[in-house]
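As a plain string of letters, each chain reads:
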Amino acid sequence: MFKYLFKRDTLFATLAVFLVMGFFSFIPINTHFLDPIHLALSDFDYNDLAYAKMHKNENSPTDTNIVIVNVGQGNRQDIAAMIATVDAQSPKAIGVDILFNDKKDAIGDSLLSTLFSSNKKLIGAYNINAQGGRGYFYKQSTNKGFANFVGQEEGVIRHFTPVEKKEQVPAFAVAVLKVADVKNYEELLKRKQTTEIINYKRKADKYLIIDGMDLIAGKAVPSVFANKIVLLGYVSSNVNDVEDKHFTPMNEKYTGRSLPDMNGVFIHANIISMMQDQDYIHRMPAWLMWSIAFLLCWLHMSLFIKDYLENHLWFHLLAKIAQIISAVFFVYIGLLFFHQFDTQMNMVATLAAIILAVDVLYFYEAFATWLHKKKGYKTIFTHKHD
Amino acid sequence: MISKIFRLLPILLICFSLVSFADDPAYVVFYNSGKAAKIVLGKAVILKKGDQLYKTDQISIPDQTQLALVCANFSVVQIKTKMNKLVNDLPSCAKQNTSASSAYFKYIWNSFAHKHVTPDKDPRAYMKTYGAVSRGNSFSKLYIDTIYYNNGPLKLYWKQGRVAEVEVYNAAQDGDVIFKSKAAKYAKLDSIALKLKKPGKYYWDLKGEQSANKKVFIFLNALAYQKLRNKVLANAITTSPAETAYLKAFVLEENHLLTDAAYYYKLATQLAPTNEAYAISYAKFLP
């Protein structure tokens with residue numbers, strides 16, 4: 001294998017692979033729709049396997065810093081009463097993960113309007129892409145954040161934008177953090193990331209959930225809210241209740257059709273937990289990933305050239321086996337980094353280079369032979385195959 | 001052999017050109033519930049299933065007759081209103097491009113032309129999903145969670161000119177649809193009440209907007225409604241005629257008696273046409 005590693009043809013063939021990849025990326029048309037695997041897995045990320053099959057973060061302890069209040073089907077007066085009860089216990093912040101799109105009953109609206117305009121611990125949520133206005137209490141809310149995530153429409157939620165760049169407004173979870181934990185909020189801003197990958201650590205069962213109606217009926221112990229981040233939102237009553245429920249990588253069925261698995265309020269809770277613990281997912285820099293891709297492609301190319309020249313009868317079989325083994329191995333390496341070190345390695349370039357290597361080798365061999373005949377170019381592809 | 005084909009060619013061409021001149025029927029009669037007829041030389045010939053109607057034909061449809069016609073593209077046109085018209089003036093058949101090939105290549109073109117952006121470059125384009133429950137997602141400019149109604153004209157207009165069907169249920173949870181309106185830009189409450197006939201508590205939503213919290217339509221008898229209205233209006237303060245009308249309208253709206261609220265808002269705008277607040281309040285009841 002190493003016999004051909006430092007041959008000029010190996011290096012040029014490797015470069016040709018990246019030239020072809022570059023050429024593909026410059027094609028101005030989208031050909032993904034012709035790829036059934038791409039279509040089937042369009043909302044799939046290899047890193048989802050880290051949650052679904054490698055049990056990433058499965059043993060995370062309950063986050064005792066966050067308490068969820070399930071507003072259920074409570075009306076605006078009920079929600080105002082829940083906020084007042086929580087506020088009386090001096091929590092760090094109260095995030096209201098509810099969109100109040102329009103005017104409702106005068107009493108409930110009046111109560112909520114007063115709370116949103118006067119309570120500095122209260123954070124409202126809104127839809128940044130809403131067509132007909134951002135909600136009835138948007139203007140008077142002292143603190144507010146957009147509840148939108150980044151992802152395919154109704155697809156798997158893996159990212160969020162901490163601050164929307166155009167309007168310079170924070171996400172809901174970030175607005176909550178700003179009120180509850182200024183130090184970690186500033187740390188987040190220092191990262192200057194356009195989008196952050198959500199490090200999911202907890203499903204609904206890892207958060208303390210208090211029923212809002214029980215709370216206002218005096219059936220719950222309100223002291224649990226003292227010095228906590230409290231999020232008011234909707235918690236589904238059963239698996240088939242999909243109101244404000246989304247797909248996350250923690251879904252046991254990681255591809256194909258399934259039921260959404262996590263309410264929006266828990267996604268926000270996961271984001272807040274991640275920011276508070278400074279437990280961010282890191283991304284390997286693009287230059288490093290391309291360097292790794294080049295090195296691995298070079299090694300593969302020398303192996304393929306060796307088989308091509310010295311063992312041509314078995315070349316196709318061996319090349320395919322090597323490609324399969326490499327694909328499995330490098331996906332595993334990527335997953336391992338994600339699972340163990342919370343670091344996302346983008347192995348797409350590596351996999352694409354290895355897959356293209358065999359086809360590009362054919363082209364390169366023909367081109368080198370032609371150059372040899374015409375211009376006397378020195379190449380290792382001039383002698384007969386064994 | 002070749003000379004024979006050449007001799008036949010002019011005949012074939014003439015045949016083809018004659019076919020192209022032949023006029024296809026515009027409709028074929030599928031159903032005639034009454035005495036819908038075609039006028040032939042001044043005489044009415046009752047239409048029956050299978051009759052062909054050409055663009056130049058004249059038809060007459062009397063009252064309480066339903067005529068169903070099949071178009072050339074196999075869609076069906078139903079006519080229920082009284083009319084005397086040329087077939088050419090009848091509602092046109094919706095001509096949809098149903099060609100499988102054209103649909104496929106249109107999809108291919110759209111896919112080719114679809115611009116690829118990544119979340120990192122343009123996160124806003126990927127921020128259509130939001131993680132919050134909606135409370136009060138109203139499709140009307142009015143507060144319509146609960147409506148008390150007895151009689152009188154009232155239209156609830158949908159926002160942004162939306163066209164939707166109203167579905168009325170007999171129960172708040174898992175009820176049966178007991179009435180479904182036609183798709184329109186508004187709900188006509190007097191028509192809905194007329195169909196429901198019996199006073200009672202009903203639940204409704206727009207088709208496709210069904211949620212756990214259906215809207216409540218309380219259809220009261222005249223006496224109960226009068227009693228409720230008097231109770232609500234007892235709280236209205238009397239000042240100038242226009243302001244009194246506006247205050248009455250406001251308390252009636254707050255207490256979900258929208259028919260009377262609309263009446264008093266209209267009255268207030270008539271008494272004080274330059275008052276913007278009155279006009280804005282009344283505008284909620286208008287398209």
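Please refer to the structure higher up on the page.
Residues numbered from 1 in each chain as written. Chains lettered and ligands numbered in written order. Predicted model: local features only at pLDDT ≥ 70, side-chain atom pairs only at ≥ 80, totals over all residues.

Student: I'm lost on the overall build of chain A in this one. Help?
Tutor: Helices and strands together make up the secondary structure of chain A, namely twelve helices and 15 strands. Here chain A holds 386 residues, and the buried ones make up 41% of them. Sequence-distant contacts in chain A: of pairs separated by 6 or more residues, those separated by 24 or more amount to 74%. (Helix = DSSP H or I, 4+ residues; strand = E, 2+ residues; numbered from the N terminus. Buried ≥ 20, exposed ≤ 12 C-beta atoms within 10 Å, placed from the backbone. Contact = placed C-beta atoms within 7 Å.)

Student: Honestly, the overall build of chain B in this entry has me stumped. Any pointers?
Tutor: On a plain count of helices and strands, chain B comes out with seven helices and 16 strands. Every one of the 287 residues in chain B was classed for burial, and the buried ones make up 23%. A sequence separation of at least 24 residues applies to 47% of the contacts in chain B between residues at least 6 apart.

Student: Would you explain the sheet that holds strand β15 (residues 200-206) of chain B in this entry?
Tutor: Two modes of strand pairing occur in sheets, parallel and antiparallel, and in both the strands are linked by backbone hydrogen bonds. All names here are of chain B. With mixed pairing, the five strands of this open sheet are ordered in space as β10-β16-β15-β12-β13. Of all strands in the sheet, those bounded by a partner on one side alone are β10 (146-149) and β13 (177-180). Between one strand axis and the next, the sheet turns through 30 degrees on average, direction left out of account. In the sheet, β15 pairs with strand β16 (residues 215-219) via five bridges, with the strands oriented antiparallel. Directly across from Lys 201, in β16, lies its bridge partner Ile 218. (Pairing = 2+ DSSP bridges. Axes fitted to C-alpha atoms, helices over the stretch in contact; angles between N-to-C directions.)

Student: What is the right way to read the packing of helix α11 (residues 315-341) of chain A against helix α12 (residues 348-375) of chain A from this model?
Tutor: The relative placement of two packed helices comes down to the angle between their axes together with the axis-to-axis distance. All names here are of chain A. Two numbers describe how α11 lies on α12: the axes approach to 10 Å, and their chain directions differ by 180 degrees. With respect to their mutual orientation, α11 and α12 come out roughly antiparallel. Facing α11, whose interface residues are Ala 319, Gln 323, Ser 326, Ala 327 and Phe 330, α12 presents Thr 350, Leu 351, Ile 354, Ile 355 and Val 358. Of the residues belonging to the contact of α11 with α12, the class tally is seven nonpolar, three polar and no charged. (Parallel < 35°, antiparallel > 145°, perpendicular 65-115°, else oblique. Nonpolar A, V, L, I, M, F, W, Y, C, P; charged D, E, K, R; others polar.)

Student: Can you help me understand the packing of helix α10 (residues 286-310) of chain A against α12(A) in this one?
Tutor: All names here are of chain A. For the pair α10 and α12, the least separation of the axes is 9 Å and the interaxial angle reads 30 degrees. Here α10 is positioned roughly parallel relative to α12, judged by the angle of their axes. In the crossing of α10 with α12, the sense of the turn from one axis to the other is right-handed. Along its contact with α10, which presents Met 289, Trp 290, Ile 292, Ala 293, Leu 296, Cys 297, His 300, Met 301, Phe 304, Ile 305 and Tyr 308, the element α12 presents Ala 349, Thr 350, Ala 353, Ile 354, Ala 357, Val 358 and Leu 361. Here the contact of α10 with α12 is composed, by residue class, of 16 nonpolar, two polar and no charged. (Left-handed = near helix turned anticlockwise from the far one by under 90°.)

Student: Sorry if this is basic, but what is going on with the sheet that holds strand β2 (residues 37-40) of chain B here?
Tutor: Residues and elements named next belong to chain B. The strand order β3-β2-β5-β8 describes an open sheet built from four strands, whose pairing is antiparallel. Bordering the open sheet on either side are β3 (43-46) and β8 (83-86), each of which pairs with just one other strand. Sheet twist, expressed as the mean angle between neighbouring strand axes with direction ignored, is 30 degrees.

Student: Looking at this model, I keep getting lost on the interface of chain B and chain A. Mind explaining?
Tutor: Buried accessible area, meaning the area lost when the parts come together, often serves as the stated size of an interface. Counting from both sides, the interface comprises 27 residues of chain B and, opposite them, 42 residues of chain A. If you list the elements that add at least two residues to the side of chain B that touches chain A, you get α2 (100-113) and β9 (133-135) of chain B. Looking at the side of chain B that touches chain A element by element, the count peaks at three residues for β9(B). Across the side of chain B that touches chain A, the residue classes break down as ten nonpolar, ten polar and seven charged. Examined bridge by bridge, strand β3 (residues 98-100) of chain A and β9(B) share three bridges and lie parallel to one another.

Student: Just checking my understanding: could you explain the nonpolar core for this structure?
Tutor: For soluble globular proteins, nonpolar side chains are generally found buried alongside one another. Within the largest apolar cluster, 79 residues are counted, with the highest numbers of intra-cluster contacts made by Val69(A), Ile83(A), Ile98(A), Val176(A) and Leu232(A). Filtering out sequence-adjacent residues up to four positions away, Val69(A) remains in contact with Met82(A), Val86(A), Ile210(A), Gly212(A), Leu215(A), Val230(A) and Leu232(A). Within the second largest apolar cluster, 31 residues are counted, among which are Tyr148(B), Leu156(B), Tyr225(B) and Phe285(B). (Core = buried A, V, L, I, M, F, W, Y, C linked by C-beta atoms within 7 Å.)

Student: How should I be thinking about the pairing of strand β5 (residues 143-146) of chain A in this particular structure?
Tutor: It is a general feature of regular strands that their side chains alternate between the two faces of the sheet. Residue and element names in this part refer to chain A. Here β5 shows no split at all, with Asn 143 and Gly 145 on one side and Lys 144 and Phe 146 on the other all buried. With four bridges connecting them, strand β4 (residues 122-126) and β5 associate as parallel partners. Its bridge partner lying in β5, Gly 124 is registered against Lys 144.

Student: How should I be thinking about helix α7 (residues 276-283) of chain B in this particular structure?
Tutor: Because each turn of an α-helix spans 3.6 residues, side chains separated by three or four positions end up pointing in the same direction. All names here are of chain B. Among the residues of α7, those classed as buried are Tyr 278, Ser 281 and Tyr 282. Along the axis of α7, the buried residues cluster in a sector spanning 95 degrees; they form a single face. With respect to the buried face of α7, the exposed residues turned more than 90 degrees away are Glu 276 and Ile 280. Where α7 is buried, its residues touch α5 (241-254) and α6 (258-271). (Arc of directions from axis to C-beta.)

Student: Would you mind showing me how to read unusual backbone geometry here?
Tutor: Negative phi values dominate among residues other than glycine, just as trans dominates among peptide bonds. Even without a glycine there, the phi angle at Ser90(A) is positive, about 50 degrees. Position of Ser90(A) among the secondary structure elements: in the loop between α4 (76-87) and β2 (93-96). Of note, His256(B) is a non-glycine position whose phi angle comes to about 70 degrees, a positive value.

Student: What exactly am I supposed to notice about the pairing of strand β12 (residues 166-169) of chain B here?
Tutor: Residues and elements named next belong to chain B. By the alternation rule, side chains of β12 split into Val 166 and Val 168 and Glu 167 and Tyr 169, which are all buried. Taken together, the four bridges between β12 and β15 define a ladder with antiparallel strand orientation. Its bridge partner being in β15, Tyr 169 is matched across the sheet by Tyr 203. As paired elements, β12 and β13 share three bridges and run antiparallel to each other. Residue Val 168 lies in a different strand from β13, and its bridge partner there is Phe 179.

Student: I tried to follow α11(A) on my own but got confused; where do I start?
Tutor: Residue and element names in this part refer to chain A. Counted at 1.5 Å a residue, the expected span for α11 with its 27 residues is 39 Å, and the 37 Å between its end C-alpha atoms agrees. Within α11, burial applies to Ser 326, Gly 334, Leu 335 and Phe 338. Looking at the buried side of α11, the elements it contacts are α3 (48-52), α10, β15 (343-344) and α12. Where α11 ends, the next residue or the one after it, Asp 342, has phi of about 50 degrees, a positive value. (Expected span 1.5 Å × (residues − 1).)

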